[in-house]
Amino acid sequence: MSERKRYVLAGTGGRGLGMFAKPLLTNFTKYCELVGLFDHNPDRIAAANEILGSKLPGYTDFGEMLRSANPDAVIVSTRDSTHAEFIIQTLAAGKRAISEKPLCVDGKQCREILAAAKKYKRKGGVCYVTHNMRYGPAISELKRQLDSGVIGDVKAINFHENLDRKHGADYFRRWHRVKKNSGGLLIHKASHHFDALNWLVGSIPVDLVAQGGTIFYGKNGPFRHDRCDGCPHAKKCDFYAEMWSNERNRKLYKEAEKSDGYIRDGCVFDKEVDIEDHAGVLYTYKNGAKVTYSLTAFATYEGWHIQFEGTKGRLELKEVHDTRWAAGNITVHGMEKSIGKSLTLYSPREGLKELSIPEAEGAHGGADPAIQHDFFGRPWDAPLTARMAPLDQAVQAVLIGHAANVSIAKKSKPVKVQDFLKRG
Ligand SMILES: NC(=O)c1ccc[n+]([C@@H]2O[C@H](COP(=O)([O-])OP(=O)(O)OC[C@H]3O[C@@H](n4cnc5c(N)ncnc54)[C@H](O)[C@@H]3O)[C@@H](O)[C@H]2O)c1
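Residues numbered from 1 in each chain as written. Predicted model: local features only at pLDDT ≥ 70, side-chain atom pairs only at ≥ 80, totals over all residues. Heavy atoms only, no water.

## Let's talk about the site of the ligand
As a reminder, the rule being used: Residue proximity to a molecule or strand is established when one non-hydrogen atom of the residue lies within 4 Å of it. N or O atoms within 3.5 Å of each other form a polar contact, as long as, within protein, one can give a hydrogen and the other can take it, and as long as residues adjacent in sequence are counted only when both atoms are side-chain atoms. Here a helix means four or more residues in a row that DSSP labels H or I, a strand means two or more in a row labelled E, and each is numbered from the N terminus. Amino acid classes used here: Ala, Val, Leu, Ile, Met, Phe, Trp, Tyr, Cys and Pro are nonpolar; Asp, Glu, Lys and Arg are charged; the rest, including Gly, are polar.
Near the ligand lie 27 residues; those nearest to it are Arg-15, Asp-39, Asp-80, His-83 and Tyr-262. In the environment of the ligand, a nitrogen atom lies 3.2 Å from a nitrogen or oxygen atom belonging to the backbone of His-40. Measuring from an oxygen atom of the ligand, one finds a backbone N or O atom of Thr-78 at 3.0 Å. Secondary structure elements with two or more residues in the shell around the ligand: helix 1 (14-26) and helix 4 (83-92). For the shell around the ligand, the per-class residue count stands at five nonpolar, 13 polar and nine charged.

## Regarding the domain arrangement of the protein
The cut-off we apply is this: Domain limits in this description derive from either an automatic procedure or a database domain assignment. As a working definition, buried area equals the accessible area (1.4 Å probe) given up by two parts on being put together, with both sides summed. Each reported salt bridge corresponds to a side-chain nitrogen of Lys or Arg within 4 Å of a carboxyl oxygen of Asp or Glu.
By domain assignment, the protein separates into domain 1 (5-132), domain 2 (133-217 + 273-367 + 390-421) and domain 3 (225-260). Taken over C-alpha atoms, the centre of domain 1 sits 28 Å from the centre of domain 3. In total, about 730 Å² of surface goes out of reach between domain 1 and domain 3, with carbon and sulfur atoms giving 50% of it. Here domain 1 and domain 3 share one salt bridge between them.

## Looking at the packing of helix 3 (residues 62-69) against helix 4
Convention followed: Angular values range over 0 to 180 degrees, each being the angle between N-to-C directions of two axes fitted as lines to C-alpha atoms, with helices fitted over their stretch in contact. Take the far helix as the reference: if the near one is turned anticlockwise from it by less than a right angle, the crossing is left-handed, and if turned clockwise, right-handed. Contact between two residues is taken to exist if any of their heavy atoms lie within 4.5 Å; hydrogens are not considered.
At a minimum axis separation of 11 Å, helix 3 and helix 4 run at an interaxial angle of 35 degrees. The element helix 3 and its partner helix 4 pack so that their crossing is right-handed. Contacts from Phe-62, Gly-63 and Leu-66 of helix 3 reach helix 4 at Phe-86, Gln-89 and Thr-90.

## A word on unusual backbone geometry
With an omega of -15 degrees, the peptide bond running from Lys-101 to Pro-102 counts as cis. Considering the arrangement of structural elements, one finds Pro-102 in the loop between strand 5 (96-100) and helix 5 (107-119). Despite not being glycine, Ser-412 shows a phi value in the positive range, around 65 degrees. Tracing the sequence through the fold places Ser-412 in the loop between helix 13 (391-409) and strand 16 (415-416).

## Describing the nonpolar core
Formally: To qualify as a nonpolar core, a set must consist of buried Ala, Val, Leu, Ile, Met, Phe, Trp, Tyr and Cys residues joined through side-chain atoms within 4.5 Å. Classification of residues uses two cut-offs on accessible area relative to the type maximum, computed with a 1.4 Å probe and protein chains only: under 20% is buried, over 50% is exposed, and between them is partly exposed.
Grouped together as the largest cluster of nonpolar side chains are 91 residues, with contacts concentrated most on Leu-103, Leu-208, Phe-308 and Leu-315. Per-domain counts for this core show at least three residues from each of domain 1 (5-132) and domain 2 (133-217 + 273-367 + 390-421). Residues within four places of Leu-315 in sequence aside, it is in contact with Leu-142, Gln-145, Leu-146, Val-150, Ile-151, Ile-306, Gln-307, Phe-308, Leu-343, Thr-344, Leu-345 and Leu-355.

## Focus on the sheet that holds strand 1 (residues 5-10)
Threshold: At least two bridges found by DSSP between two strands is the condition for calling them paired.
Within the open sheet, the seven strands sit side by side as 3-2-1-4-5-6-15. Their pairing is mixed. With one partner strand each, in any of the chains shown, strand 3 (58-59) and strand 15 (389-390) form the two edges of the open sheet. Here strand 1 runs beside strand 4 (residues 73-76); their pairing, made up of four bridges, is parallel. Its bridge partner being in strand 4, Tyr-7 is matched across the sheet by Ala-73. The strands touched by helix 4 within the sheet are strand 2 (32-38), strand 4, strand 5 and strand 6 (126-130), with strand 5 carrying the most contacts at an inclination of about 165 degrees.

## Here we look at the environment of Asp-61
Structurally, Asp-61 can be placed in the loop between strand 3 and helix 3. The sequence separation of Asp-61 and Arg-349 amounts to 288 residues, and the corresponding C-alpha distance is 62 Å.

## Remarks on the packing of aromatic side chains
Geometry of an aromatic ring pair is reported as the spacing of the ring centres plus the angle between the planes. As a reminder, the rule being used: Two rings from Phe, Tyr or Trp (for Trp, the six-membered ring) form a pair when their centres are within 6.5 Å of each other. A pair whose planes differ by under 30 degrees is stacked, one over 60 is edge-to-face, and the rest are tilted. Placement of a positive charge over a ring is assigned whenever Lys NZ or Arg CZ falls within 6 Å of the ring centre and within 35 degrees of the normal to the ring plane.
Enumeration according to the criterion identifies 21 aromatic pairs in this entry. Summarising the aromatic geometry, the rings of Phe-194 and Tyr-293 are spaced 4.8 Å apart at their centres and angled 55 degrees between planes, so their arrangement reads as tilted. With Phe-194 in helix 10 (residues 190-201) and Tyr-293 in strand 10 (residues 290-299), the pair connects residues that are 99 residues apart, well separated along the chain. Taking relative accessible area as the criterion, Phe-194 reaches 0% and is therefore assigned buried. Its guanidinium or amino end placed over the ring of Tyr-262, Arg-79 lies 5.8 Å from that ring's centre, counting from NZ or CZ. Of note, Lys-143 hangs over the ring of Trp-199, and the distance from its end group to the ring centre comes to 5.1 Å.

## Overview of the packing of helix 10 against helix 13
Note the following rule: Throughout this description, any angle smaller than 35 degrees is read as roughly parallel, any larger than 145 degrees as roughly antiparallel, any in the 65 to 115 degree range as roughly perpendicular, and the remainder as oblique.
Between helix 10 and helix 13, whose axes approach to 8 Å, the crossing angle comes to 125 degrees. In terms of orientation, helix 10 and helix 13 fall into the oblique class. Relative to helix 13, helix 10 is oriented so that their crossing is right-handed. Touching Ser-191, Phe-194, Asp-195 and Asn-198 of helix 10 are Gln-393, Gln-396, Ala-397, Ile-400 and Gly-401, all from helix 13.

## Side note on the side chain of His-402
In this fold, His-402 is placed in helix 13. A distance of 3.4 Å separates a polar side-chain atom of His-402 from the backbone nitrogen of Gly-107. Ignoring any residue separated from it by four or fewer positions in sequence, one finds His-402 in contact with Asp-106, Gly-107, Ile-187, Phe-420 and Gly-424.

## Comments concerning the state of the cysteines
Here is the rule: In this description, a disulfide is simply a cysteine sulfur pair whose atoms lie within 2.5 Å.
Applying the stated criterion across every chain, the model contains zero disulfides. The thiol sulfur of Cys-32 is not disulfide-bonded, and the nearest other cysteine sulfur, from Cys-127, lies at 17 Å. Lacking any disulfide linkage, Cys-237 is separated from the closest cysteine sulfur, that of Cys-231, by 6.3 Å. Judged by its relative accessible area of 17%, Cys-237 is buried.

Okay, here's the thing in structure tokens:
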């Protein structure tokens, strides 16, 4: 009997094709068969088939897709705010939902998904979220070090995320820039970080307070136009960007945008921007560990700095990327020297040790091939690995961002994170 299971990709955007459809059609054919594409825009399905060189059946109606394609699993890679409805329908049909992060965009959607998982449990449906940050070689090594007890019990964590004016700005060009689509960066982006911290610490968040705002993009810009294509300010704007990697993709996407109006090169200074471009979150884990988290989406360089202080020592992970100031590829001269990754142990007993970070190839520092292997490179019923995020863990990542959004909206009011499993 064939061990291959039937998969449908929901959401034929950049991530859906690169992370899921292409690998399923090439590297993971032993256990997986991609049997269809779902998207609300038929032009995007047609473009996906052209890019993939495939003739997969396309569906614009999710229920019809479940009935006709009869997949064993649905990979959900649509806009964040739509994950919940597709996950719930997949669970109701007793199938496996594999969703991109974030699981969803707020506490209400978390509760709805959890209720569906409970209601349809007997039908056999399950949901996992592809939290790929857990699979990064540096984060995996950090986890090994923490679990070895080398710094004792973790007491305090600082996590500083810097998104530069190229990568960070991209969230202000597209659907992410509207909170109802993405939950804002504290959900869309920080769900990576909150999930990784939950996993590294092995506890759940309890008390939280946050502040944040839009202080650089959106209405703060000196000028604006609807999009970069044809922008009269192009010559003087650091954020002018050509979004297409080649002429074929440019044509395909320009054709597809005619039917749904979704553009990829929207102006970062558009007044519709309502997500924070800077935020700070303070929270406490149930085991007592304290977190200071910050996110800046207009940073001069890209990277992160994560510090774990324990009862016996300290671990620091620092990554500085080959940064590009804004879309015009303006580099920061002299920065070359500081580019790279380091994982440092500060131990009163062992002294200062630079720990080695394993090398890995592939997207997101090698995280994507590793997570693809866990989900698609093993038999369907292989046991979960420790890095595969089940529903309850994916919920916790969203709850922190949601709690932070609520706290910010209430002028930094302290909130109880787990209360959002019940209401709010
Ligand atoms: N894990 C990671 O590192 C990572 C990286 C990038 C994106 N993502 C996630 O992947 C998902 C897709 O992101 P993307 O960058 O490919 O976005 P995208 O905009 O390129 O693609 C989204 C696709 O979903 C479709 N879509 C939107 N609303 C829909 C609806 N209501 N019904 C059906 N289809 C709909 C769009 O037509 C589009 O084809 C998002 O959830 C995002 O958060 C994860």
